Amino acid sequence: MLDEKKKIIYSAMQPSGYPSLGNYLGALKNWKNLKDDFDCIFSIANMHAITVRQDSANLRKKTRDLITLFIAIGLDPEKNIIYYQSDVPAHAELSWILNCFTYMGELNRMTQFKEKSSKHSENINSGLFTYPVLMAADILLYQTDVVPVGEDQRQHLEICRDIAERFNNIYGEVFKIPEGFIPKVGARIMGLQNPSKKMSKSESDNDNNVIYILDDLNLIRNKIKRSVTDSDNEIRYGEDKPGISNLLNIYSAVTGKSSEDSENEFRGVGYGEFKEAVAEAVIKEIRPIQEKYRELSSDKAYIDSVIKEGADKASYIANKTLRKVKKKVGFPQ
Ligand code: TYM
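Residues numbered from 1 in each chain as written. Predicted model: local features only at pLDDT ≥ 70, side-chain atom pairs only at ≥ 80, totals over all residues. Heavy atoms only, no water.

Q: What is the right way to read the overall build of the protein from this model?
A: A count of helical and extended segments in the protein gives 13 helices and five strands. Relative to the globule expectation of 20 Å for 333 residues, the C-alpha radius of gyration of the protein, 20 Å, shows essentially globular dimensions. Principal-axis analysis of the C-alpha atoms gives the protein an extent of 70 × 45 × 40 Å. Across the protein, the fraction of contacts at a sequence separation of at least 24, relative to all contacts at a separation of at least 6, is 75%. Taken as a whole, the protein presents about 15600 Å² of accessible surface, with 49% of it coming from carbon and sulfur. (Helix = DSSP H or I, 4+ residues; strand = E, 2+ residues; numbered from the N terminus. Rg over C-alpha atoms; globule rule 2.2 N^0.38 Å. Contact = heavy atoms within 4.5 Å. Areas by Shrake-Rupley, 256 points an atom, 1.4 Å probe, with all protein chains shown as cover.)

Structure, rendered in structure tokens:
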């Protein structure tokens, strides 16, 4: 089914909110760029999403909208495998087995767990704690070579590698040890109102902080115009200039220009004009995605067929690894 010679790329996104510009620049845009040169498998991580309380109908809708958006950004269900994590039971099965090879101390160190448990202090469930183990199962089931993600997933990739190496040391070469692929620019897009924190799709308190890929284009322009900067009127990167640095990053990631080229391009330009140029670049990138998304959303039968075929293709590969793992740990065959 997969081309034996090509490397395998695996990544996933939670349907916990509509994707932000951060999700797009840190992950989706790279997935699109890699999709022709690798065997790519992308999933909607809806099992991860329920580690935080979700409204069921809303989660179901966001899950379907996200797979539609995957196709709208240019992923190709003919060539890439696109599926729902919950459609492939092997994820839950391998996750349990790997839990038995993961130490509490390792999970205790995860910064995302610490952040999420302080944000959702009323619901610190064990799924939130073992979240990285399910993520390791996702990746390892497909004998993944490369995992394209944003900077915030670096620690989860490291624990995935550690778990895989530990398992392989005991049972032989069962899992491929995956490498991360974290882009040079765009790996950490910050909030527009609070550029000291990453832009997050599940943030609801301040909508001006986050650009959503499906935001009205005028709203995107206004959010960028209203973004927080500073008072010295100089366009350059600097730790003392988080707002301007973030806009420069967004501009570079969207246009594909290097950070230096973007900085040079705006030397001596006023903040108003700069923000206008950033907004134009973002809108130019997003407009065709939104058009395609609207077109695809009305094609129910097509989206249904992508979901079904994706689940079948993913299950086939995942079950191969799972069978091997079950045999190694001593389950009856
Ligand atoms: P999630 O859904 O939070 O985010 C999806 C992807 O978007 C990246 N990202 C960002 N990149 C740049 N700037 C930002 N502000 C920003 N915010 C998010 C994330 O790094 C990620 O690549 N645990 C994962 C989903 C997952 C997964 C996997 C990923 C489940 N299983 C297996 C890779 C492989 C997550 O919550 O991503």
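Q: What should I look at first to understand the pairing of strand 1 (residues 8-13) in this one?
A: A regular strand carries its side chains on alternate faces of the sheet. The element strand 1 is largely enclosed, with a buried count of five among its six residues. One crossover worth recording links strand 1 to the parallel strand 2 (residues 39-44) by way of helix 1 (residues 21-34), and it is right-handed. (Buried < 20%, exposed > 50% of the residue type's maximum accessible area, 1.4 Å probe, protein only. Right-handed = clockwise from strand over helix to strand, strands pointing away.)

Q: Just checking my understanding: could you explain the site of the ligand for this structure?
A: What surrounds the ligand is a group of 27 residues, the closest being Tyr131, Asp138, Asp152, Ile189 and Lys201. Within the side chain of Gln153, a nitrogen or oxygen atom sits 3.3 Å from a nitrogen atom of the ligand. With the chains in place, 97% of the 710 Å² that the ligand exposes on its own is no longer accessible. When residues of the shell around the ligand are traced back to their parent elements, those giving at least two are strand 1, helix 1 and helix 7 (126-141). (Near = heavy atom within 4 Å. Polar contact = N/O pair within 3.5 Å; in protein donor to acceptor, adjacent residues only side chain to side chain.)

Q: How should I be thinking about the pattern of salt bridges in this particular structure?
A: Between side chains of opposite charge, a pair can form as their charged atoms come close. The full count for this structure, using the stated rule, is 25 salt bridges. The closest approach of N and O atoms between Lys257 and Glu265, which form a salt bridge, is 2.9 Å. The partner of Lys300 in a salt bridge is Asp304, and the shortest N-O contact between them spans 3.0 Å. Here Asp304 and Lys300 lie together in helix 13 (residues 300-329), a separation of four residues that amounts to about one turn. On the basis of relative accessibility, which here comes to 54%, the residue Lys300 falls in the exposed class. For Asp304, a relative accessible area of 29% translates into the label partly exposed. (Salt bridge = Lys/Arg side-chain N within 4 Å of Asp/Glu carboxyl O.)

Q: Help me understand the packing of helix 4 (residues 90-99) against helix 7 in this model?
A: To describe two helices that pack against each other, one gives the angle between their axes and the distance between the axes. Look at helix 4 against helix 7: their axes get within 8 Å of each other, and the N-to-C directions meet at 120 degrees. On the basis of the axis angle, helix 4 is oblique to helix 7. Taken as a pair, helix 4 and helix 7 cross one another with a handedness that is right-handed. Between helix 4 and helix 7, the residues in contact are Ala90, His91, Leu94, Ser95, Leu98 and Asn99 and Thr130, Val133, Leu134, Ala136, Ala137, Asp138, Leu140 and Leu141, respectively. (Axes fitted to C-alpha atoms, helices over the stretch in contact; angles between N-to-C directions. Parallel < 35°, antiparallel > 145°, perpendicular 65-115°, else oblique. Left-handed = near helix turned anticlockwise from the far one by under 90°.)

Q: What is the right way to read the pairing of strand 2 from this model?
A: Where burial is concerned, most of strand 2 is hidden: six out of the six residues are buried. Relative to strand 2, strand 1 is paired through six bridges, and the arrangement is parallel. Along strand 2, the bridge assignment pairs Ile9 with Cys40. Pairing between strand 2 and strand 3 (residues 81-84): four bridges, direction parallel. Looking across to strand 3, one finds that Ile44 is bridged to Tyr84. (Pairing = 2+ DSSP bridges.)

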